[in-house]
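# Residue-level structural notes
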Amino acid sequence: MDDDQQDTSRDAFRALLRTQRVWDTELPAFDPATAPDEPLPLFHRWFTEAARAGQPEPHTMTLATADERGFPDVRTLMLHDADERGWHFASHATSRKGRQLAARPEAALGFYWATRGRAVRLRGRVLTVGAEASSADLHARSTGALAAALVGRQSEVLSSTAELAQVSQAAWELARREPGTEAATWTGYVLVPHEVEFFQGEEHRRHVRLRYRREGDSWVRELLWP
């Protein structure tokens, strides 16, 4: 591609980028004075409202970690639960995220629900839930989830898509034939937050940001400038 073509492509991208709308819907009001004393009930409520509003895949979230040198990393994965222990997810202990969490067991989570103009951010310590709970979580999910876990090798270099197809097919057949098969490195994690922020978008950019911050055994609520 010559310089003129690159300039044209760049200009077209910028023009398209600037025409994208944000929250092309009526946004709900959020009065932080009505928020509960702890973040979990509010998260449950916002998640339910996002799902009922038709938010695609409201259980997807962004997980940010750092490696042993402190370099950040980020990816999208699924929430498995949110309870009094924390926010749950799972992966292979041998994956990149698994290795990073072993070296630095702290992370951040991010949820974005465009149908409501809402986001939730969490920061905290990450713990493993143990082999029994990890196995129960995996086997409560779909055959496809088990097959993917049985494939393993997550984050390793792949020699070809043909190899992936072959290994994946074998994993699917095993998962259907023996649904109780264990995936040795599959690990459940729980993020125990020390900070949870709820963001509500507002039409005039007077966004509401409510942060819960852990102090001892209780939570402190505070508003942040948008």
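Just above sits the structure.
Residues numbered from 1 in each chain as written. Predicted model: local features only at pLDDT ≥ 70, side-chain atom pairs only at ≥ 80, totals over all residues. Heavy atoms only, no water.

## Here we look at the packing of aromatic side chains
Taken as a whole and judged by the stated rule, the model has 12 aromatic pairs. Ring geometry for Phe43 against Phe111: centres 5.0 Å apart, planes inclined by 65 degrees, an arrangement best described as edge-to-face. Note that Phe43 is positioned in helix α2 (residues 39–52) and Phe111 in strand β5 (residues 106–113), a separation of 68 residues in sequence. Side by side, Phe43 and Phe111 carry an identical accessibility label, which is buried. The rings of Phe30, Trp46, Phe198, Tyr212 and Trp219 are connected pair by pair, giving a single aromatic cluster. Residue placement shows Arg69 over the ring face of Phe71; its charged tip is 4.4 Å from the ring centre. The lysine or arginine in question, Arg118, covers the ring of Trp46, its NZ or CZ lying 4.2 Å from the ring centre. (Phe/Tyr/Trp six-rings, centres within 6.5 Å; stacked < 30°, edge-to-face > 60°. Helix = DSSP H or I, 4+ residues; strand = E, 2+ residues; numbered from the N terminus. Buried < 20%, exposed > 50% of the residue type's maximum accessible area, 1.4 Å probe, protein only. Lys NZ or Arg CZ within 6 Å of the ring centre and 35° of its normal.)

## So, the nonpolar core
Counting 30 residues, the largest nonpolar core has Phe43, Trp87, Phe111 and Val120 as its most contacted members. At five residues, α2 tops the list of elements feeding residues into this core. Beyond its immediate sequence surroundings of up to four residues, Phe43 is in contact with Leu79, Ala82, Trp87, Phe111, Trp113, Val120 and Phe198. Judged by nonpolar contacts, the second largest core, of 10 residues, contains Ala90, Leu138, Ala149 and Ala175. (Core = buried A, V, L, I, M, F, W, Y, C linked by side-chain atoms within 4.5 Å. Contact = heavy atoms within 4.5 Å.)

## A short note on the pattern of salt bridges
Overall, the coordinates contain 17 salt bridges when judged by the stated rule. In this structure, the salt-bridge partner of Glu49 is Arg45, at a minimum N-O distance of 4.0 Å. You can see Glu49 and its partner Arg45 sitting in helix α2, four residues apart, about one turn around the helix. Overall, Arg45 belongs to the partly exposed group, its relative accessible area being 35%. Where Asp73 meets Arg96, a salt bridge forms, and the shortest distance between an N and an O atom there is 3.5 Å. Linking Asp73 in strand β2 (residues 72–78) with Arg96 in helix α3 (residues 96–103), this pair joins segments that are 23 residues apart in sequence. Assessed through its relative accessible area of 43%, Arg96 is described here as partly exposed. Within the structure, one salt-bridge network assembled from shared partners comprises Arg45, Glu49, Arg116 and Arg118. (Salt bridge = Lys/Arg side-chain N within 4 Å of Asp/Glu carboxyl O.)

## Describing the environment of Pro41
One can find Pro41 in helix α2. Accessibility expressed as a relative area gives 42% for Pro41, which makes it partly exposed. Each C-alpha atom, one on Pro41 and one on Glu156, is 38 Å from the other, the two residues being 115 residues apart in sequence.

## What to know about the pairing of strand β9 (residues 218–224)
Pairing of strand β8 (residues 208–215) with β9, which is carried by seven bridges, proceeds in the antiparallel orientation. Within β9, the residue paired with Tyr212 across the bridge is Arg221. Connecting β8 to the next strand, β9, in antiparallel fashion are two residues, including Gly216 with a positive phi near 65 degrees. (Pairing = 2+ DSSP bridges.)

## Focus: the environment of Arg123
Secondary-structure assignment places Arg123 in strand β6 (residues 118–128). Sequence separation of Arg123 and Glu106 is 17 residues, and the distance between their C-alpha atoms is 7.7 Å. Ignoring sequence-local partners within four residues, the contact set of Arg123 consists of Ala107, Ala108, Leu191, Val192, Pro193, His194 and Glu195.

## Some remarks on the packing of helix α5 (residues 143–151) against helix α6 (residues 161–177)
For the pair α5 and α6, interaxial distance at closest approach is 8 Å and the crossing angle is 130 degrees. For the element pair α5 / α6, the angle class is oblique. Handedness of the crossing formed by α5 with α6: right-handed. Between α5 and α6, the residues in contact are Thr143, Gly144, Leu146, Ala147, Leu150 and Val151 and Val167, Ser168, Ala171, Trp172, Leu174, Ala175 and Arg176, respectively. Among the residues making up the contact of α5 with α6, the classes are represented as nine nonpolar, three polar and one charged. (Axes fitted to C-alpha atoms, helices over the stretch in contact; angles between N-to-C directions. Parallel < 35°, antiparallel > 145°, perpendicular 65-115°, else oblique. Left-handed = near helix turned anticlockwise from the far one by under 90°. Nonpolar A, V, L, I, M, F, W, Y, C, P; charged D, E, K, R; others polar.)

## What to know about the side chain of Asp83
Its location among the elements puts Asp83 in strand β3 (residues 81–83). Side-chain polar atoms of Asp83 contact the side chain of His88, separated by 3.0 Å. If sequence neighbours within four positions are ignored, Asp83 has contacts with Leu40 and His88. (Polar contact = N/O pair within 3.5 Å; in protein donor to acceptor, adjacent residues only side chain to side chain.)

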